[in-house]
Amino acid sequence: RFAAAAAREATTRIEEFGWQDLSGILVALGQGRYRSPAADCLVVAVVDRATSCARKLTMQVLLNVALSAARLGVPIWCLQPLVDEIASEVQSRPQKLNSMDLRQWAEVQQACRRL
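About the criteria used
The written sequence of each chain sets the order in which its residues are numbered from 1. In keeping with the predicted nature of the model, local features appear solely for residues at pLDDT of at least 70, side-chain atom pairs appear and are counted solely at 80 or more, and the whole-chain, interface and lining totals rest on all residues. Side-chain metrics in this entry use all non-hydrogen atoms of the structure; hydrogen atoms and water are not considered. Strands here mean DSSP runs of E at least two residues long; helices mean DSSP runs of H or I at least four residues long; both are numbered from the N terminus. Two things to know: the radius of gyration comes from C-alpha atoms, and the globule rule equals 2.2 Å times the number of residues to the power 0.38. Only protein chains enter the accessibility calculation, which uses a 1.4 Å probe; a residue whose area is less than 20% of its type maximum is buried, one above 50% is exposed, and one in between is partly exposed. In this analysis, two residues are considered to be in contact whenever any of their non-hydrogen atoms come within 4.5 Å of each other. For every accessible area listed, the method is Shrake-Rupley and the probe measures 1.4 Å; residues are considered covered only by the protein chains on display. In this tally Asp and Glu are treated as negative and Lys and Arg as positive; neither His nor the chain ends contributes. Here the site of a charge means NZ on Lys, CZ on Arg, CG on Asp, or CD on Glu. When a carboxyl oxygen of Asp or Glu is within 4 Å of a side-chain nitrogen of Lys or Arg, the pair counts as a salt bridge. Here an axis means a line fitted to C-alpha atoms, over the contact stretch when the element is a helix, while the angle between two N-to-C directions is reported on a 0 to 180 degree scale. Working rule for handedness: look at the near helix, and if it is turned counterclockwise from the far one by less than a right angle, call the crossing left-handed; if clockwise, right-handed. Residues are sorted three ways: Asp, Glu, Lys and Arg are charged, Ala, Val, Leu, Ile, Met, Phe, Trp, Tyr, Cys and Pro are nonpolar, and all the rest, Gly among them, are polar.

Undergrad: Honestly, the overall build of the protein chain in this entry has me stumped. Any pointers?
TA: Along its length, the protein chain carries 6 helices and 0 strands. For the protein chain, the sequential pattern of α-helices and β-strands runs α-α-α-α-α-α. Its C-alpha atoms give the protein chain a radius of gyration of 13 Å, within 12% of the compact-globule value 13 Å for 115 residues. Counting only C-alpha atoms and orienting by the principal axes, one finds that the protein chain spans roughly 40 × 30 × 25 Å. With 115 residues in all, the protein chain has 43% of them scored as buried. Sequence separation of 24 or more characterises 74% of the internal contacts of the protein chain that already satisfy a separation of 6 or more. In the form shown here, the protein chain has an accessible surface area of approximately 6,500 Å², with 54% of it arising from carbon and sulfur atoms. Taken as two groups, the 14 positive and 11 negative side-chain charges of the protein chain have centres that lie 6 Å from each other.

Undergrad: Would you explain the pattern of salt bridges in this entry?
TA: Opposite charge on two side chains allows them to pair when their charged atoms are near. Counted by the stated rule, this structure contains 9 salt bridges. Between Glu15 and Arg49 there is a salt bridge; the shortest N-O distance is 3.8 Å. Remark: Arg49 occurs in helix H3 (residues 37-52) and Glu15 occurs in the loop between helix H1 (2-12) and helix H2 (19-32); sequence separation between them is 34 residues. For Arg71, the salt bridge is made with Glu107, and the minimal N-O distance between the two is 3.1 Å. Within this pair, whereas Arg71 is found in helix H4 (residues 59-71), its partner Glu107 is found in helix H6 (residues 99-114), the two being separated by 36 residues in sequence. Judged by its relative accessible area of 22%, Arg71 falls in the partly exposed class.

Undergrad: Looking at this structure, I do not really get the packing of H3 against H4. What am I missing?
TA: Between two packed helices, what matters for the description is the angle formed by their axes and the separation of those axes. Across the interface, H3 lies against H4 with an axial gap of 10 Å and an inter-helix angle of 145 degrees. The two elements H3 and H4 meet at a crossing, and its hand is left-handed. Between H3 and H4, the contacting residues are Val43, Val46, Val47 and Ala50 on the first element and Leu62, Val65 and Ala69 on the second. Within the contact of H3 with H4, the residues separate by chemical class into 7 nonpolar, no polar and no charged.

Right under this line is the structure:
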């Protein structure tokens, strides 16, 4: 119940949170696989926002959001646009992915194939 209440609160105050905070909330939900209508609503809202401003976000934030969304079972129609943006950013950014990023990116891609 705590996770659902936290997700509800974060959704209503989403504009007050920075990207590190939002991705951290999703990581916590995703690690525990805390599914609830409130968590689903928050995850979809964050994925949508991240997709629209992917070029401004760090790779860590993008991958944390995408991986958490995949772990929480976000529908592919919602997640795929973010995954496409991440793929574009991976190719266009001068810095290469570190080993942790590569592991997360591989897990996101594998999850998308399963969804």
